[in-house]
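Okay, here's what each chain looks like letter by letter:
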Amino acid sequence: MKARILNVIADLLPFGPGEQAAILAPNLLDSYEVDFFCCSCGNRGERDDALIGQWHEYEIGKRNWLGAARHLRDRLRRDRYELVHTWDRRSTELLRWTLLSTARSVRPRVWIEQLGDESSSTALRAFPGVPKPTTTFAETWLAATENRVATLAMPLAVPCPVQTNKVFRSTLKLSPEVKLIGAVCPLEARCGLKHLIWCLDQLKCVRDDIRLVIWGTGSQAKTLRRYARQVGVDEWVFWFDSNRDVRSEMSSLDLYWHAPRSDSTPAALATALLLGLPTIAPASAATRDLCSTWPTTLKTVPWGARDEISRQTHQWLEHGLPVADPAHAAAWCHSHSPSAVAQEYAKVYARLLRA
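The structure presented is a predicted model; accordingly, all values stated were derived computationally and were not measured.

Definitions and limits used
- Residues numbered from 1 in each chain as written.
- Predicted model: local features only at pLDDT ≥ 70, side-chain atom pairs only at ≥ 80, totals over all residues.
- Heavy atoms only, no water.
- Helix = DSSP H or I, 4+ residues; strand = E, 2+ residues; numbered from the N terminus.
- Buried < 20%, exposed > 50% of the residue type's maximum accessible area, 1.4 Å probe, protein only.
- Contact = heavy atoms within 4.5 Å.
- Areas by Shrake-Rupley, 256 points an atom, 1.4 Å probe, with all protein chains shown as cover.
- Salt bridge = Lys/Arg side-chain N within 4 Å of Asp/Glu carboxyl O.
- Pairing = 2+ DSSP bridges.
- Axes fitted to C-alpha atoms, helices over the stretch in contact; angles between N-to-C directions.
- 1 Å grid on protein atoms, 1.4 Å probe; cavity = no way out; pocket = protein on both sides within 12 Å on 5 of 7 lines; lining within 4 Å.
- Points joined across faces, edges and corners; volume = space filled by probe spheres on them.
- Nonpolar A, V, L, I, M, F, W, Y, C, P; charged D, E, K, R; others polar.
- Core = buried A, V, L, I, M, F, W, Y, C linked by side-chain atoms within 4.5 Å.
- Parallel < 35°, antiparallel > 145°, perpendicular 65-115°, else oblique.
- Left-handed = near helix turned anticlockwise from the far one by under 90°.
- Expected span 1.5 Å × (residues − 1).
- Patch = residues over 30% accessible without salt bridge, like charges linked within 9 Å, V, L, I, M, F, W, Y side chains within 5 Å.
- Lys, Arg positive; Asp, Glu negative; His and termini not counted.
- Charge placed at Lys NZ, Arg CZ, Asp CG, Glu CD.

I keep staring at the overall build of the protein and nothing clicks. Help me out?
A count of helical and extended segments in the protein gives 14 helices and 13 strands. With 355 residues in all, the protein has 54% of them scored as buried. Look at the contacts in the protein between residues 6 or more apart in sequence, and 72% of them connect residues 24 or more apart. Surface summary for the protein: the accessible area is close to 16,500 Å², and the carbon and sulfur share equals 51%.

Structure follows, in structure tokens:
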């Protein structure tokens, strides 16, 4: 009989941890029964059903965490999952509060938390009697970061190859001479999108053949759009929600800017490199590793180095955009394919369930 696994996720937005769980799920169905509890807050993507098949969602809204905990507790009582995997900080805290009011006989044998760029550790974990995860998974570079809880390094799963979209550029009504720069970024102040908007203003002084496409959602959407108007580049920026087929639309880009400073390998950055796009990203342990795989198309700069981003972009546009060597990425694609990464997760699941 297959063991039952419940993935608890905040949403299924592209390139997020929820999508990572959904990408891996079809490759685990031979060994496990996989289910989902999605606290999407309305951020459900358009291709969720195609990714993971049958799944269940509870819309928690903005302040209904007690209701979400009640629904999750009912699910645990009804289906008796052997393993629960929480994929982000919000879902980890939701499960922690849920287990506080759940009988020990109903609790899963194994609880795995996925560590993101922000540790899910909170003051609540320090209190005696509070349920704690059995183990913590993290993407390879996060597991090696100092001052983190003990983690097990797991690779990032990236779908490859990426389907191209030849229609997206025509919908923007741009002439063939215009170079299209893209950025996938949460619309939050901490993610550094203002740096890219400022860089566009610097480049506007010397070029008139560039435009910027931004895919993202977040609480600072209105503030960032107002900032673009104040800087004077509002007409040069196209804003799109991230509930789209972003991967295929990225294939229409000429160049990619990555805004967030991330310790883990960002899925959006990896997708841009797989598409062969010249890319500028903040320097980190993860991006240094990617530089060895894509030495010609990935340029790393200090986070917030606006002048350096503008200078490198102008240099590429003046002297010709670099072309990626597919041979460099072959081994990386194989080791980070959903099937290969799912096998790694399946092995660890089996070991934890046997313990």
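Mind showing me how you'd approach the pattern of salt bridges here?
Pairing is possible between side chains that carry opposite charge, provided their charged atoms lie close to one another. The full count for this structure, using the stated rule, is eleven salt bridges. As a salt-bridge pair, Arg4 and Asp79 come within 3.9 Å of each other at their nearest N and O atoms. One end of the pair, Arg4, is in strand 1 (residues 3–9); the other, Asp79, is in helix 3 (residues 65–79), and 75 residues separate them in sequence. Taking relative accessible area as the criterion, Arg4 reaches 21% and is therefore assigned partly exposed. Of the charged contacts, one joins Glu93 and Arg96 as a salt bridge, the two residues approaching to 2.6 Å between their closest N and O atoms. Placement of the pair is Glu93 and Arg96 together in helix 4 (residues 89–100), with a separation of three residues, close to one helical turn. A single burial state applies to Glu93 and to Arg96, both of which are buried.

Please clarify how the sheet that holds strand 8 (residues 179–184) should be interpreted in this entry.
Pairing within the open sheet is parallel, and its six strands lie in the order 10-9-8-11-12-13. Strand pairing shows two members of the sheet lacking a second neighbour, strand 10 (237–240) and strand 13 (298–301), which therefore form its edges. On average, each strand axis in the sheet is tilted by 20 degrees relative to the strand beside it, whichever way the strands run.

How should I be thinking about empty space enclosed by the protein in this particular structure?
Any empty space left between the atoms is revealed when a probe the size of a water molecule rolls over them. Scanning the model with the defined rule gives three cavities of 30 Å³ or more in all. Along its surface, the second largest cavity is lined by 14 residues, and Leu196, His258, Ala259, Pro282 and Ile309 are the ones closest to its centre. When contributions to the lining of the second largest cavity are tallied by element, the ones reaching two or more residues are helix 7 (193–204) and strand 12 (279–282). In terms of residue count, strand 12 provides more of the lining of the second largest cavity than any other element does, three residues in total. Of the residues contributing to the lining of the second largest cavity, the split by class is ten nonpolar, four polar and no charged.

Explain unusual backbone geometry to me, please; I cannot follow it from the model alone.
Excluding glycine, most residues fall at negative phi; most peptide bonds, likewise, are trans. Unusually for a residue other than glycine, Arg80 sits at a positive phi of about 50 degrees. As for its position among the elements, Arg80 is in the loop between helix 3 and strand 4 (83–86). Phi angles above zero are rare outside glycine, and Lys173 is one such case at about 60 degrees. Counting through the fold element by element, Lys173 comes out in the loop between helix 6 (168–171) and strand 8. Residue classification places Lys173 among the exposed positions, given a relative accessible area of 76%.

It is not clear to me how the nonpolar core should be interpreted in this structure. Could you clarify?
The tendency in soluble globular proteins is for nonpolar side chains to be buried as a group. If you look at the biggest cluster of nonpolar residues, it comprises 31 residues, and the most contacted ones within it are Leu193, Ile197, Val233, Trp239 and Trp257. Sorting the residues of this core by element identifies strand 8, helix 7, strand 9 (210–215), helix 8 (221–231), strand 10, strand 11 (255–257) and helix 12 (306–319) as the ones contributing at least two each. The biggest single contributor to this core is helix 7, with six residues. When neighbours within four sequence positions are excluded, Val233 is seen to be in contact with Ile197, Leu200, Asp201, Lys204 and Ala228. Listed in part, the 30 residues of the second largest apolar core include Leu180, Val184, Trp215 and Leu269.

Would you mind going over the packing of helix 7 against helix 12 with me for this structure?
The relative placement of two packed helices is expressed as an angle between their axes plus a distance between the axes. Packing of helix 7 against helix 12 leaves a shortest axis separation of 9 Å and a crossing angle of 50 degrees. By the angle class used here, helix 7 and helix 12 are oblique. Between helix 7 and helix 12 lies a crossing of right-handed hand. Taken together, the residues of helix 12 that come into contact with helix 7 (itself represented by His195, Leu196, Trp198, Cys199, Gln202 and Leu203) are Arg306, Asp307, Ile309, Ser310, Thr313 and His314. Here the residues of the contact of helix 7 with helix 12 sort into five nonpolar, five polar and two charged.

Just checking my understanding: could you explain the side chain of Ser248 for this structure?
Assignment of secondary structure puts Ser248 in helix 9 (residues 246–250). Of the residues examined, Ser248 reaches a relative accessible area of 5% and is grouped as buried.

Whenever I open this one, the environment of Met154 confuses me. Can you help?
Among the structural elements, Met154 can be located in strand 7 (residues 152–154). We classify Met154 as buried; its relative accessible area is 4%. Residues Met154 and Val341, 187 residues apart in the sequence, show an inter-C-alpha distance of 7.7 Å.

I keep staring at helix 14 (residues 338–354) and nothing clicks. Help me out?
One turn of the α-helix equals 3.6 residues, which is why residues spaced by three or four share an orientation. With 17 residues, helix 14 extends 24 Å from end C-alpha to end C-alpha; this agrees with the ideal 24 Å at 1.5 Å per step. Of all the positions in helix 14, only Pro338, Ala340, Val341, Ala342, Tyr345, Ala346, Val348, Tyr349, Leu352 and Leu353 are classed as buried.

Is there a simple way to think about a positive patch on the surface in this case?
Together, Lys194, Arg225, Arg226 and Arg229 make up a region of like positive charge exposed at the surface. Per element, the largest residue contribution to the positive patch is three residues, and it comes from helix 8. With respect to the helices, strands and loops of the structure, Arg226 is situated in helix 8.

Functional significance is not addressed by these values, which are geometric in nature.
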